[in-house]
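Close look at the chain arrangement
Spelled out from the first residue to the last, the chains are:
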Amino acid sequence: MARRCQLTNKKRNNAFAISHSHRRTKRLQEVNLQWKRVWWEDGKRFVRLRLSTKALKTLKTKGIGAMAREAGIDLNQF
């Protein structure tokens with residue numbers, strides 16, 4: 001399974017690690033992903049998703065149903 005947020009599709013970012021002498025080496029910035037059980041009101045059950053912490057903050061304001069519709073996800077599969 002790819003390290004990707006299931007609602008926002010956030011993935012890792014290419015970046016540089018810069019040393020004290022300013023030498024640059026490639027590195028990857030991973031997404032902060034968490035397994036989370038979220039209550040889905042329409043389905044009257046919990047849904048287990050792999051979410052980024054940014055998606056968790058957005059989830060509190062928008063709700064799971066609205067975010068799933070925007071992402072084109074059917075929550076019955078989870």
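Just above sits the structure.
Residues numbered from 1 in each chain as written. Predicted model: local features only at pLDDT ≥ 70, side-chain atom pairs only at ≥ 80, totals over all residues. Heavy atoms only, no water.

**A short note on the pattern of salt bridges**
Two side chains of opposite charge can pair, provided their charged atoms sit close to one another. Worth spelling out the cut-off: Salt bridges are identified by distance alone: a Lys or Arg side-chain nitrogen within 4 Å of an Asp or Glu carboxyl oxygen. To qualify as a helix, a DSSP run of H or I must reach at least 4 residues; to qualify as a strand, a run of E must reach at least 2; elements of each kind are numbered from the N terminus. Exposure classes here rest on a 1.4 Å probe applied to the protein chains alone. A residue is buried below 20% of its type maximum, exposed above 50%, and partly exposed in between.
Applying the stated criterion to the full structure yields four salt bridges. Note that R12 and E30 form a salt bridge whose closest N and O atoms lie 3.6 Å from each other. With R12 in the segment before β1 (13-18) and E30 in the loop between β2 (24-29) and β3 (33-40), the pair connects residues that are 18 residues apart, well separated along the chain. Classification of E30 by relative accessible area gives partly exposed; the value is 40%.

**Remarks on the environment of A17**
To keep things clear, this is the line we draw: In what follows, residue pairs with any heavy atoms lying within 4.5 Å of each other are defined as contacts.
Note that A17 resides in strand β1. For A17, a relative accessible area of 28% puts it in the partly exposed group. If near-sequence neighbours (up to four positions away) are discounted, A17 is found in contact with R23, R24, T25 and R27.

**So, the packing of aromatic side chains**
For clarity, the cut-off: Pairing of aromatic rings covers Phe, Tyr and the six-membered ring of Trp, with a centre-to-centre limit of 6.5 Å; geometry is then stacked below 30 degrees between planes, edge-to-face above 60, and tilted otherwise. We call a charge positioned over a ring when the NZ of a Lys or the CZ of an Arg lies within 6 Å of the ring centre and within 35 degrees of the ring normal.
Per the stated rule, a full pass over the model turns up one aromatic pair. Both rings, one in W39 and one in F46, keep their centres 5.1 Å apart while their planes meet at 75°; by these two values the pair is edge-to-face. Sitting over the ring of F16, R24 keeps its end group 5.5 Å from the ring centre. Across the ring face of W35, the terminal group of R48 is positioned such that the distance to the ring centre comes to 4.2 Å.

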